[in-house]
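Observations on chain architecture
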Amino acid sequence: MEPVLLSSLQEEGEGEPAAAAGEDSSAFSAAAVPPRPATHHSLHKYAPLDWSAYFDEERRVAIPDTDDVFNVYTAGSEGPVVFCLHGGGYSGLSFALAASHMKDKARVVAMDLRGHGKSTTSNDLDLSIETLTNDVIAVIRTMYGASPPAIILVGHSMGGSVAVHVAARKEIRNLHGLVVIDVVEGTAMASLVHMQKILSNRAQHFPSIEKAIEWSVKGGPLRNIESARVSIPSTLKYDESRECYTYRTPLEQTEKYWKGWYEGLSDKFLSCPVQKILLLAGTDRLDRALTIGQMQGKFQMVVVRHTGHAIQEDVPEEFASHILNFISRNKIGPNGVEIPGLIKKWGH
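Residues numbered from 1 in each chain as written. Predicted model: local features only at pLDDT ≥ 70, side-chain atom pairs only at ≥ 80, totals over all residues. Heavy atoms only, no water.

**Brief notes about the UniProt feature "active site" (unreviewed entry) in the protein chain**
- According to UniProt, the "active site" (unreviewed entry) feature falls on Ser-157, Asp-182 and His-309. A stretch of 153 residues holds the annotated residues, and the largest C-alpha distance among them is 8.2 Å, short enough that they meet in one place.
- Inspection of the secondary structure puts Asp-182 in the loop between β6 (175-181) and α5 (185-200).
- Looking at Asp-182, the relative accessible area reads 3%, which means it is buried.
- Here Ala-281 takes part through its backbone nitrogen, which lies 2.9 Å from a polar atom of the side chain of Asp-182.
- Mapping His-309 onto the fold places it in the loop between β10 (300-303) and α11 (311-314).
- His-309 sits in the buried class, given a relative accessible area of 5%. (UniProt positions renumbered as here; feature names shortened; annotations may be inferred. Helix = DSSP H or I, 4+ residues; strand = E, 2+ residues; numbered from the N terminus. Buried < 20%, exposed > 50% of the residue type's maximum accessible area, 1.4 Å probe, protein only. Polar contact = N/O pair within 3.5 Å; in protein donor to acceptor, adjacent residues only side chain to side chain.)

Shown next, in the form of C-alpha cells:
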C-alpha cells in the first residue's frame, strides 16, 4: 500500500521465464512458424504462474461454529512453522517465492486473511485489528489443536500489525519468534492521511490479468516479475458489468479500521515475550519507541537494500535467508527451543 519509486524498478529483460530462451529450438522452429504478433512477448512475460510450483498444498480451513473458511497455502514437512500474514490488498501468495526457498528447512504456512484471496467469511469488510487477530488465532488452533509445533509469526505491513497483536495476546502455545516486515507505527500513522489518495491513484481496472501483473511491476508496488505473476492474480476479481478485472479487496471501504492497525504498535511489539526481528526497506523508519528499544537490544533490525515495501516478494531469496538465520540463531526447533547440550542426549 505504499508508492514505489519508478526509477528503481527492474525493467524489460529481467525475470524472463526460463523456457523462453530455448523455446524455438524444436524441429518446428523459425521457418515453419508464422511471425508472432507484437504483443505476444508482453503477454507471455506477464502470464500468471500457478501457486503449485512454490507451495505443496492449498487447504481450506473451516473455523468451527462460524461461516468462515480461510484459504491456506503450505510448503515443507520438517522444522518449525513459519506462519505468514500478508499486507492489505495482497494475499498468501505474496510469500510464494520465499516459501520455495524455505521449505527444505521449515514448514511454511501462508493464509489469505479475511476479505483477501480465496478466503470467505460472514463479513469480508470487517478488517478490524481485533477480528483479524481472532481469525489468525482461530486458524492456528484449527490446524494444530492444543499442541502446535514451534511457530514463528511473520507479518508484512498490515499483516505485521496482526502478527504483533497475535503474539501480544499470548494465546498461541509454542510461539518462539516474531518477524515484522516494513511497518513502523510512526511512519504508518503519519501516512494514513495520504492513504485514500494513494489508493485512488492506483490503476483500478485491467482488461486482462496480464495487464494487471504488468502494471504491478511498472507502476505498482512490486519489483519482481516472477513474484507478481504468482501473487497478483489472487488479488483480483472479474467485474462482469464492466468486463474487466478489479481488486478483490476494496481497501478504500475499510478506512475506519486503519488507525487501529497501527496505533500503539511499537510498544506492543517491544512487549511481546518472544525473539523479534524487524525487516525494513529503508533506514529512516524507526519511531522513538523503536529507536530506544533497539538501543536496548530488545529486537534485531535488518535494513534490506534495493527493495520496495514488499521485501518478501522483491528479494525472496534474501528474505528467506533472514528467516532461516533467525530460526538457526535462536535455535528454534520443530518441538520448541533446542538446547545444544541436550540434543545428543535426546537424540534430536
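**Some points on the side chain of Arg-114**
- By the element assignment, Arg-114 lies in the loop between β4 (107-111) and α3 (129-144).
- Arg-114 sits in the buried class, given a relative accessible area of 5%.
- Of note is the side chain of Arg-114, whose polar atom sits 3.1 Å from the backbone oxygen of Asn-123.
- In this structure the side chain of Arg-114 is engaged in a polar contact, spanning 2.7 Å, whose partner is the side chain of Asp-135.
- Not counting the four nearest positions on each side in its chain, Arg-114 is found in contact with Asp-68, Phe-70, Thr-121, Asn-123, Asp-124, Asp-126, Leu-127, Thr-131, Leu-132 and Asp-135. (Contact = heavy atoms within 4.5 Å.)

**Notes on the environment of Glu-210**
- Inspection of the secondary structure assignment puts Glu-210 in helix α6 (residues 209-218).
- As for Glu-210 and Arg-229, which are separated by 19 residues in sequence, their C-alpha atoms are 8.2 Å apart.
- Contacts of Glu-210, omitting those with residues within four sequence positions, involve Leu-43, Tyr-46, Ala-47 and Pro-48.

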